[in-house]
Amino acid sequence: MTDSAEIRPEMDATMTADAFERWYWPVDALKAFCAGLGVSEAGSKAELRARVTFALRHPGEAPPKAARKKRGGFNWAKEALTRETVIDDAVSFGPNVRGFFKAEIGKAFVCHGDFMDWMRSNAGATLGDAIAAWHVLEERKADPAFRREIAACNNYLQYLRDAMDRHPGLSLEAAKMCWDYKKVRPAVDGMVVFEDADVVAAVG
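Keep in mind it's a predicted model, so treat the numbers as computed, not measured. (Residues numbered from 1 in each chain as written. Predicted model: local features only at pLDDT ≥ 70, side-chain atom pairs only at ≥ 80, totals over all residues. Heavy atoms only, no water.)

K.L.:
Residue-level account of the packing of helix H7 (residues 155-166) against helix H8 (residues 172-182), with values.
P.N.:
Remark: H7 packs on H8, axes separated minimally by 9 Å, with the N-to-C direction vectors making an angle of 125 degrees. With respect to their mutual orientation, H7 and H8 come out oblique. H8 is crossed by H7, and the crossing has right-handed handedness. Contact residues: Asn155, Tyr156, Tyr159, Leu160, Ala163 and Met164 in H7; Leu172, Ala175, Lys176, Cys178, Trp179 and Lys182 in H8. Residues belonging to the contact of H7 with H8 are distributed by class as follows: nine nonpolar, one polar and two charged. (Axes fitted to C-alpha atoms, helices over the stretch in contact; angles between N-to-C directions. Helix = DSSP H or I, 4+ residues; strand = E, 2+ residues; numbered from the N terminus. Parallel < 35°, antiparallel > 145°, perpendicular 65-115°, else oblique. Left-handed = near helix turned anticlockwise from the far one by under 90°. Contact = heavy atoms within 4.5 Å. Nonpolar A, V, L, I, M, F, W, Y, C, P; charged D, E, K, R; others polar.)

Here is the structure:
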């Protein structure tokens, strides 16, 4: 269990990288910190944390540029799409792609996270394969035991699920109280992990 007596400090450009890394920081705070340090505010939460850590460890040095992901030559925003169109690693989900699936599947089509994850993980498959996969994903919803996976970056939702799984009688509001209590305590690598003691400390 973490030391409940320690509370997350205010962000400070004079703090050490090790001190920074001991805590969970929300995205808006990370962006503000990046702005204060004069580094880019763009990117994922993990990228923001890495950028701040580098800036604190190497004051005045420009962070290394991330390698650019090579994009294929297929223009997903403008090309005509068919069931034979091959998915590549540059697939996007703008109006052209969504319109294709809407026309093929019908009004029931929803471009939800599970489907987008399937598309991104199946370069080389066709849009016809994707249509079949969408129907399989939708059928899973009928299973009472089905639960969507929570993205690794969504610490908040994972914490709430873990709290309510471990304590079935815990309400959503109580789980949120636990989160509010725990998110300002020390967190390894910035990840807030549910512990049974959180319920006693936050809810009583």
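Further notes follow.
K.L.:
For the packing of aromatic side chains, give the residues involved together with the corresponding values.
P.N.:
Across all of its chains, the model carries twelve aromatic pairs by this definition. Here the aromatic rings of Tyr24 and Trp179 are separated by 5.2 Å at their centres, their planes lie at 80 degrees, and the arrangement is edge-to-face. Here Tyr24, found in the loop between helix H1 (17-21) and helix H2 (27-37), pairs with Trp179, found in helix H8; they are 155 residues apart in sequence, far enough to count as distant. Taken individually, Tyr24 and Trp179 each receive the classification buried, so the pair is uniform in this respect. Ring plane angle 45 degrees and centroid distance 5.8 Å describe the contact between Phe109 and Trp134, whose orientation is recorded as tilted. With Phe109 in the loop between helix H4 (95-105) and helix H5 (113-121) and Trp134 in helix H6 (residues 127-140), this residue pair connects regions lying 25 residues apart in the sequence. Taken individually, Phe109 and Trp134 each receive the classification buried, so the pair is uniform in this respect. One aromatic cluster is present, formed by Tyr24, Tyr156, Tyr159, Trp179 and Phe194 through successive ring pairs. (Phe/Tyr/Trp six-rings, centres within 6.5 Å; stacked < 30°, edge-to-face > 60°. Buried < 20%, exposed > 50% of the residue type's maximum accessible area, 1.4 Å probe, protein only.)

K.L.:
Kindly report on the nonpolar core, identifying the contributing residues and their values.
P.N.:
In globular proteins that are soluble, nonpolar side chains generally tend to be buried together. In terms of nonpolar packing, the biggest core is built from 20 residues, with Ile87, Phe93, Phe101, Phe109, Phe115, Met119 and Leu127 touching the most fellow members. At the level of elements, H4, H5 and H6 are the ones that each hand at least two residues to this core. If you tally residues by element for this core, the top one is H6, at five residues. Not counting chain neighbours up to four residues away, the residues in contact with Phe109 comprise Arg98, Phe101, Lys102, Phe115 and Trp134. With 15 residues, the next largest nonpolar core counts Tyr159, Leu160, Trp179 and Tyr181 among its residues. (Core = buried A, V, L, I, M, F, W, Y, C linked by side-chain atoms within 4.5 Å.)

K.L.:
Hey, could you go over the side chain of Thr85 for me, with residue numbers and the actual values?
P.N.:
Mapped onto the elements, Thr85 comes out in the loop between helix H3 (45-57) and H4. In this structure Thr85 comes out as buried when scored by relative accessible area, which is 9%. Among the polar contacts listed, one links the side chain of Thr85 to the backbone nitrogen of Thr82, at a separation of 3.0 Å. Setting aside its immediate chain neighbours within four residues, Thr85 contacts Phe74, Trp76, Ala80, Ala125, Thr126 and Leu127. (Polar contact = N/O pair within 3.5 Å; in protein donor to acceptor, adjacent residues only side chain to side chain.)

Note that every value here comes from positions in space, so none of it alone points to a role or purpose.
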